[in-house]
Amino acid sequence: MQYVLDSHTHTLASGHAYNTIHEMVQAASEKGLHLLGITEHAKSMPGTCHEIYFANLRVLRRQMAGIEVMFGVEANIMDKSGRLDMEERLLKRMDVVVASLHIPCMTPGTEEENTEAVLGAIRNPYVNIIGHPDDGRYPLDYEKIVRAAKEHHVLLEVNNTSLNPQGFRKNARENIRTMLELCRRYEAPVILDSDAHCAEDVGNCCYSEEIIAETAFPEELIVNRSVEEYKKFINRFK
């Protein structure tokens, strides 16, 4: 199956990534992608950009190097209520919003507390994707997460960086398998993302594709197959 988009990547602006916007876009174009999402870390991540960066995204063109480019944020889930570290006035202006749990921003709690945090983010009307919901340091009730994502029209991410053998997230492969089985059962769509922090990794879903093949996950539940399908889920086109 050909995947035509990558919706979760980072540039120099995130503070711990290594390429510019144009370098990331050029890499996406050369790899045959039709759409690239650039989603810098929000303000609670150490070293990332100021919120004025996000306020000024309107100046950027959404067509570059022959492909479509979406600009947004990877917001941090901050507490068990699902509060994000970006105000609504900015969230509503993002092309795409990923919400994720990160150790520098929220201390892991119990399974119930972590689950409530993710559910709170899913209920946020501006959240489009739950980023890497696979980190075993944050135990989750995946059945509750999958059912809520389906109800609120939010995509769950299969994150290639999480599956990299050199990665640091705990039990990601086992957790993604569990999540995918529940997504199949409840017909909840997913998105495969690279979470690239350098141009070489743009569009790289090699580990994600392995687990998709191993689980025989239905193609019709993977939005990467179609830009039009993806656009049904993101802020810019709602």
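Look a little higher up for the structure.
Below, the structure is looked at part by part. (Residues numbered from 1 in each chain as written. Predicted model: local features only at pLDDT ≥ 70, side-chain atom pairs only at ≥ 80, totals over all residues. Heavy atoms only, no water.)

On to the overall build of the protein. Along the protein, the regular secondary structure elements total nine helices and eight strands. In terms of C-alpha radius of gyration, the protein reaches 16 Å, essentially the compact-globule figure of 18 Å for 238 residues. A burial count over the protein gives 58% of its 238 residues as buried. Taking the contacts inside the protein whose residues are at least 6 apart along the sequence as the reference set, 79% of them involve residues at least 24 apart. Distance between charge centres in the protein, computed from 26 positive and 36 negative side chains, equals 5 Å. (Helix = DSSP H or I, 4+ residues; strand = E, 2+ residues; numbered from the N terminus. Rg over C-alpha atoms; globule rule 2.2 N^0.38 Å. Buried < 20%, exposed > 50% of the residue type's maximum accessible area, 1.4 Å probe, protein only. Contact = heavy atoms within 4.5 Å. Lys, Arg positive; Asp, Glu negative; His and termini not counted. Charge placed at Lys NZ, Arg CZ, Asp CG, Glu CD.)

Our next topic: the side chain of His-197. Relative to the elements of secondary structure, His-197 occurs in the loop between strand 8 (190-193) and helix 8 (206-215). Within polar-contact distance, the side chain of His-197 engages the side chain of His-16 at 3.2 Å. Look past the residues within four positions of His-197 in its chain and what remains in contact with it is His-10, His-16, Ala-17, Tyr-18 and His-41. (Polar contact = N/O pair within 3.5 Å; in protein donor to acceptor, adjacent residues only side chain to side chain.)

With that out of the way, let us pick up unusual backbone geometry. Of note in the backbone geometry, His-153 takes a positive phi value of approximately 60 degrees without being a glycine. Inspection of the secondary structure assignment puts His-153 in the loop between helix 5 (142-152) and strand 7 (155-159). At Asn-171, a residue that is not glycine, the phi angle is positive and equals roughly 55 degrees. Within the secondary structure, Asn-171 sits in the loop between helix 6 (160-163) and helix 7 (172-186). When its relative accessible area of 40% is taken as the criterion, Asn-171 is described as partly exposed.

This brings us to the pairing of strand 2 (residues 35-41). Buried residues dominate strand 2, accounting for seven of its seven residues. Inspection of the sheet shows strand 1 (residues 5-6) paired to strand 2 by two bridges, in the parallel sense. Within the sheet, the bridge partner assigned to Asp-6 lies in strand 2 and is Leu-36. With respect to chirality, the unit in which strand 1 leads through helix 1 (residues 21-30) into the neighbouring parallel strand 2 is right-handed. (Pairing = 2+ DSSP bridges. Right-handed = clockwise from strand over helix to strand, strands pointing away.)

This next bit is on the pairing of strand 4 (residues 67-76). Across the ten residues that make up strand 4, a large majority, ten, are buried. Relative to strand 4, strand 3 (residues 63-64) is paired through two bridges, and the arrangement is antiparallel. Bridge pairing links Gln-63 to Glu-68 in strand 4. Counting the residues between successive antiparallel strands, the hairpin from strand 3 to strand 4 contains two residues, one of them, Ala-65, with a positive phi of roughly 50 degrees. Sheet topology places strand 4 next to strand 5 (residues 96-100); five bridges connect them, and they run parallel. Residue pairing across strands places Ala-75 opposite Ala-99, the latter belonging to strand 5.

Everything listed is a geometric property; what it means functionally is a separate question.
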